[in-house]
Amino acid sequence: GRETIVETRWTGNTILSAYRVGVKLVHGARRNVVNGNQIRQPGLGGILLGGNTADTNHTENNSITGNVISEVNAAGNWTASDTYGIKLENDVGTKYARKNLIADNQIADGTAMKYGVLASDNSANNIIRDNMVDAFTTAEFAAAVGATYTFKSAKSADVQAYQGSA
């Protein structure tokens, strides 16, 4: 069965060499705090927020702040995929990542990472601000048609149209 993570705090952890994703909030996860973690050498991505049709609730009202994500796809296992530092999505369905705060994160050493922050599918009404992305192969920030967000940064960032299917 599916378990929903609600009102959990993940702070001060070190996650090293996760094959797919360092931290994954899905299946209606809500009101969680992911703060001050070190995520090094994740395969596909550092932090994923998402939902799908089978979920009862949207993945929402989570706070993703002050994390350091580095060396995404360092092992090279996900070269054909849309690798990312942080991703918001719906995974084929009617429930999605919405109303989440993504702020003050550092995404570094991304020479094998395609996207710093990726808002794909129908992710909606997320606040994405003041994240630092150092090195990427495609875009610092990308959003799909249908994704809505508020993007605020100390520097101006280009928001690229996302056409993929990660």
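Computed from a predicted model, the values in this text were never measured in an experiment.

Cut-offs and rules
- Residues numbered from 1 in each chain as written.
- Predicted model: local features only at pLDDT ≥ 70, side-chain atom pairs only at ≥ 80, totals over all residues.
- Heavy atoms only, no water.
- Helix = DSSP H or I, 4+ residues; strand = E, 2+ residues; numbered from the N terminus.
- Buried < 20%, exposed > 50% of the residue type's maximum accessible area, 1.4 Å probe, protein only.
- Contact = heavy atoms within 4.5 Å.
- Areas by Shrake-Rupley, 256 points an atom, 1.4 Å probe, with all protein chains shown as cover.
- 1 Å grid on protein atoms, 1.4 Å probe; cavity = no way out; pocket = protein on both sides within 12 Å on 5 of 7 lines; lining within 4 Å.
- Points joined across faces, edges and corners; volume = space filled by probe spheres on them.
- Nonpolar A, V, L, I, M, F, W, Y, C, P; charged D, E, K, R; others polar.
- Pairing = 2+ DSSP bridges.
- Phe/Tyr/Trp six-rings, centres within 6.5 Å; stacked < 30°, edge-to-face > 60°.
- Core = buried A, V, L, I, M, F, W, Y, C linked by side-chain atoms within 4.5 Å.
- Salt bridge = Lys/Arg side-chain N within 4 Å of Asp/Glu carboxyl O.

Caption draft 1: Fine view of the overall build of the protein chain. Within the protein chain, the regular secondary structure consists of zero helices and 19 strands. The buried share among the 166 residues of the protein chain stands at 48%. Taking contacts inside the protein chain between residues at least 6 apart in sequence as the whole, the part at least 24 apart equals 74%. Here the protein chain has roughly 7,700 Å² of accessible surface; of this, 44% comes from carbon and sulfur atoms.

Caption draft 2: Region of the structure containing the layout of surface pockets. Put simply, the largest pocket is a space of about 280 Å³. As for the largest pocket, its lining consists of 18 residues, of which Lys24, Val26, Leu48, Glu89 and Asp91 are closest to the centre. At the level of elements, strand E3 (21-25), strand E6 (45-51) and strand E10 (84-90) are the ones that each hand at least two residues to the lining of the largest pocket. In the lining of the largest pocket, the residues fall into six nonpolar, five polar and seven charged.

Caption draft 3: Structural context of the sheet that holds strand E16 (residues 132-133). Taken together, five strands build an open sheet; the order of strands is E2-E5-E9-E13-E16 and the sheet is parallel. Each of the sheet's edge strands pairs with one partner strand only, and the pair in question is strand E2 (14-16) and E16. The pairing of strand E5 (residues 38-40) with strand E9 (residues 68-70) spans three bridges and is parallel. Among the inter-strand pairings, Ile39 is bridged to a residue of E9, identified as Ile69.

Caption draft 4: Quick look at the pairing of strand E17 (residues 139-144). Counting buried positions over the six residues of E17 gives six, a clear majority of the element. Examined bridge by bridge, strand E14 (residues 115-119) and E17 share four bridges and lie parallel to one another. By the bridge assignment, Val117 is partnered in E17 with Phe141.

Caption draft 5: Representation of the packing of aromatic side chains within the structure. The final tally for this structure, using the stated rule, is one aromatic pair. For the ring pair Tyr19 and Trp78, a centre distance of 5.4 Å and an interplane angle of 55 degrees mean the geometry is tilted. Linking Tyr19 in the loop between E2 and E3 with Trp78 in the loop between E9 and E10, this pair joins segments that are 59 residues apart in sequence. Residue Trp78 is classed as buried on the basis of its relative accessible area of 14%.

Caption draft 6: Representation of the nonpolar core. By size, the foremost hydrophobic cluster in this structure holds 22 residues, and its most contacted members are Ile47, Leu49, Ile64 and Ile86. Going through the elements one at a time, E3, E6, E10, E14 and E17 are the ones with two or more residues in this core. With near-sequence residues (within four places) excluded, Ile64 lies in contact with Leu25, Val34, Ile47, Leu49, Ile86, Leu101, Ile102, Ala103 and Asn105. Counting 10 residues, the second largest nonpolar core, distinct from the first, contains Val21, Val26, Tyr84 and Ala142.

Caption draft 7: Structural detail: the pattern of salt bridges. Scanning the entire structure with this criterion turns up six salt bridges. With a shortest N-O distance of 3.1 Å, Glu89 and Lys87 are connected by a salt bridge. Using a relative accessible area of 8% as the deciding quantity, one classes Glu89 as buried.

Caption draft 8: Here's a closer look at unusual backbone geometry. Phi is positive for Ser17, close to 60 degrees, though the residue is something other than glycine. Along the chain, Ser17 falls in the loop between E2 and E3. According to the relative accessible area criterion, Ser17 is partly exposed, its value standing at 42%. With a phi angle near 50 degrees, Asp130 is a residue other than glycine that sits in the positive phi range. Tracing the backbone through its elements, the reader meets Asp130 in the loop between strand E15 (126-129) and E16. Residue Asp130 is classed as partly exposed on the basis of its relative accessible area, which comes to 33%.

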